[in-house]
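Structural overview for review
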Amino acid sequence: MDVTSIIDSLNPAQREAVSSADPYQLVLAGAGSGKTRVLVHRIAWLMQVEGLSPYQILAVTFTNKAAREMRERISDLIGFAPQGMWVGTFHGLAHRLLKMHWRDAGLPEGFQILDAEDQLRVIKRVYAALNMDAEKWPPRQAQWYINEQKDEGLRAAHIQQSPDPFTVAMLQIYHAYEEACQRGGLVDFGELLLRAHELWLNKPELLAHYQDRFQHILVDEFQDTNSIQYAWLRVLAGNKLGMTAVGDDDQSIYGWRGAKIENIQNYTHDFEAVTTVRLEQNYRSTATILKAANGVISQNANRLGKTLWTDGQDGELLSLYAGFNEQDEARFIGERIQDWIAKGNMRSDVAILYRSNAQSRILEEALLRLQIPYRIYGGHRFYERLEIKNALAYLRLLMNRHDDAAFERVINTPTRGIGDKTVQRLRDTARAHQQSLWAAAETEVENLPARASNAVRGFLAMVSELAEDYQSLTLDGLTDQVLEASGLLEFYRREKGERGQTRVENLEELINACRAYEAPDPDSPALPQFIDEAVLDAGERQAESDEDAVQLMTLHSAKGLEFPLVFMAGMEENLFPHKMSLEESGRLEEERRLCYVGITRAMEKLYLTYAETRRLYGQESFNRVSRFIRDIPSEVLQEVRLSANVSRPTSFVKKPATLSDEGSGSGFALGQQVKHKIFGEGVILSFEGNGPNGRVQVNFVNEGTKWMVLQYAKLQAL
DNA sequence: AAGGCAAATGTTTTT
DNA sequence: CATTTGCCTT
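Just so we're clear, the structure is a prediction, and the values are computed from it rather than from any experiment.

1. Considering the pairing of strand β9 (residues 318-325)
The side chains of a regular strand alternate, first on one face of the sheet and then on the other. Here β9 lies mainly inside the structure; seven of its eight residues are buried. Two elements, β9 and strand β16 (residues 637-640), share four bridges in a ladder whose sense is parallel. Counterpart to Y321 in the pairing with β16 is V640. When β9 meets strand β14 (residues 602-616), the two strands line up parallel, connected through six bridges. When the bridges of β14 are listed, N325 appears paired with T613.

What follows is the structure, encoded as structure tokens:
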């Protein structure tokens, strides 16, 4: 047994964590301390030294990306892909269990997963059925309430009735929502976890089976677990299985979403003799950056306690820049990035982090003006985009003609003359006969007015025809067929503006995803597996884009990433810490952890910037510099002032956008030769607007004239 | 069914 | 301020 390859490259603390013989372990892993490395090596150790088979190991992560990375790194380390190991997200694993044991879980075999949008739709339907006042209790609030309860492991029946009208209304909705989901075989994200937990409680023999099977559980990002996730783990582990929990209380930033930082402490009490290992040596940042990070986080009370250190260089001081306003701040950042690139560095090594998405626009505009390519993280996820969801709804309908949600979604998408009245009639018929909308449509089609009747008949025939291809075609072939036959692709092709073009590109990307898809179970049809995975997948595939672009993202989405050069923008009171979080002290501490997360993303150089005046939501505000800045030891912080006389008001008077002005800053000139990935070569004919929504009209040699958004078009100057 | 208009609304986000 | 949503009109 060659143990050396597993522990040789590790530091003492990592080694202790990896080779521990104790059944329960807590690894407090500071930012950049080799957390994933420890998890991966621990798994290798369990297999190669303690003799566990992959089959006996369960590894839980928070995101699909993390799960994927862990799998890859295990394979790299041990030299082959471990077969039979369960590595996945809480939701993914719960889904897997429920799929296998649907009967025991009280679900129909083909239950559907609801994403946030689907869930809201169901809630709105419940409102209609209950005659609930959507003005008084916004459906979003009900959705929030339901999810909050589910995160805590509470069903409607568990919640105490209370006299206050809010609770009364919410409970009524929650009850009706549960019924609607049960009737329709619908499972939301929280429900996956709740059912998986109940599966353990209600089916002891099943629990026993898995406790027998798994010998060790590894949990990543333990500080992000919510109550129901922890409960699920706790029951499964019983006092039988070993467990390695890895997390960092200082990086807990999802409390507002139900994450319970207390789970870390609970773990040490709920299990016997939990040994704690601290990983404090940081391999990412300079000593200077770590000093700043430690300074900030030390202001929080009740920490489990960790101090990051490095044996590396001090590196450069942090720079603080006070912009005159947000434009100036953005310009400063852009210029520093230009300097960076001029020195031969990669744009993709630069990240601009901010507290809230609203800040991104000004930054984008500045980058656009300076012709610096950038990429924004976050926003709408791939599989949540309208066109993608519509395409998936067609596919779902092919799998199951009685999927009402899918039916409703596509019956008149693209529009084919089936209006609200007709659909309402189908709903009524379906309800009266206790049947699906599809079944109702099949019978009711004869009784409809001629025009609607023809339209419905056409729709039914189209879907039936497609369904015949379902078995014979490959996944991408089928999707391609669906997009063509349904008219969906054509519909978006015709949609004017660049919006349609992006949608068409996304649909093409969907076909690519289908082509590349490898079903976990090759023996059963790929489509259902693909659909389920899509709902549970944020679609980070696009994130791994290879273009060299500056990365813009919120502080939240930066967690887990690292960049040589980092900018934290908007370091102002009310913005960061956000004013919404000032009331409760717990919230403020979470903001501080967010700041700590931000600082520790930086490897070499960190800029902190703020604006003395900021225009936000149409209001001019004068915010003081963030209190977090004052928590940074002054000896590591240097204030930057650029040629002060130039940087004052006059140069920032907003120029009114005149027609001739347009196009400036786009990086392109009228008549310029450009190249597009899909459309080939062309010439720029005109501009419209600027900023992220700035558009260019391009006359392509082969494709004719098109308008496109600069941000998406990725035009290349020739 | 599409387009126009007023009103609401604006932390953070994975699954 | 700017974007999204719902509602109304054609």
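2. Re the protein's contact with DNA strand B
The environment of DNA strand B is formed by 30 residues, the closest being H91, R355, N357, R381 and T554. The share of sugar and phosphate among atoms of DNA strand B within 4 Å of the protein is 53%.

3. Some words on the nonpolar core
Ranked by internal contacts, the top residues of the largest apolar core, which has 52 residues, are Y383, L392, F407 and F459. With nine residues, the top contributor of residues to this core is helix α20 (residues 450-469). Counting 43 residues, the second-largest nonpolar core is a separate cluster that includes F111, V219, L236 and A237.

4. A few points about the pairing of strand β13 (residues 563-568)
Of all the six residues making up β13, six are buried; the element is thus mostly covered by neighbouring parts of the structure. Here strand β10 (residues 350-354) runs beside β13; their pairing, made up of four bridges, is parallel. Each bridged residue has a counterpart across the sheet, and for A351 the counterpart in β13 is V566. As defined by bridge partners, β13 adjoins β14 across five bridges and the pair is classed as parallel. What sits directly across from V566, in β14, is L606.

5. With respect to the sheet that holds strand β8 (residues 275-279)
One open sheet accounts for six strands, arranged β3-β2-β6-β7-β1-β8; its pairing is parallel. Looking at strand neighbours, the two that pair on one side only are β3 (86-89) and β8, the edges of this open sheet. Mean inter-strand twist for the sheet, computed between neighbouring axes without regard to direction, equals 15°. As paired strands, strand β6 (residues 216-219) and strand β7 (residues 242-247) are joined by four bridges and run parallel to one another.

6. Considerations on the side chain of N263
Position of N263 relative to the elements: it lies in helix α12 (residues 262-270). A relative accessible area of 3% means that N263 is categorised as buried. When neighbours within four sequence positions are excluded, N263 is seen to be in contact with F222, T225, N226, S227 and Y230.

7. Points about the side chain of D250
Mapped onto the fold, D250 is located in the loop between β7 and α12. Side-chain polar atoms of D250 contact the side chain of R303, separated by 2.7 Å.

8. Some points on the pattern of salt bridges
Under the counting rule described, the total for this entry stands at 46 salt bridges. We note a salt bridge from K389 to D118, for which the minimum N-O separation is 2.7 Å. Linking K389 in helix α16 (residues 386-399) with D118 in helix α6 (residues 116-130), this pair joins segments that are 271 residues apart in sequence. Owing to a relative accessible area of 8%, K389 belongs among the buried residues under this scheme. Among the ionic pairs, R427 bridges to E408, the shortest N-O distance being 2.9 Å. On the criterion of sequence distance, the pair formed by R427 in helix α18 (residues 420-433) and E408 in helix α17 (residues 404-410) is long-range, its members being 19 residues apart. Among the charged side chains, a network of salt bridges with common partners joins K150, R155, E178, D188, E191, R195 and E198.

Cut-offs and rules
- Residues numbered from 1 in each chain as written.
- Chains lettered and ligands numbered in written order.
- Predicted model: local features only at pLDDT ≥ 70, side-chain atom pairs only at ≥ 80, totals over all residues.
- Heavy atoms only, no water.
- Buried < 20%, exposed > 50% of the residue type's maximum accessible area, 1.4 Å probe, protein only.
- Helix = DSSP H or I, 4+ residues; strand = E, 2+ residues; numbered from the N terminus.
- Pairing = 2+ DSSP bridges.
- Near = heavy atom within 4 Å.
- Core = buried A, V, L, I, M, F, W, Y, C linked by side-chain atoms within 4.5 Å.
- Axes fitted to C-alpha atoms, helices over the stretch in contact; angles between N-to-C directions.
- Contact = heavy atoms within 4.5 Å.
- Polar contact = N/O pair within 3.5 Å; in protein donor to acceptor, adjacent residues only side chain to side chain.
- Salt bridge = Lys/Arg side-chain N within 4 Å of Asp/Glu carboxyl O.

No statement about biological role is implied by the geometric values presented.
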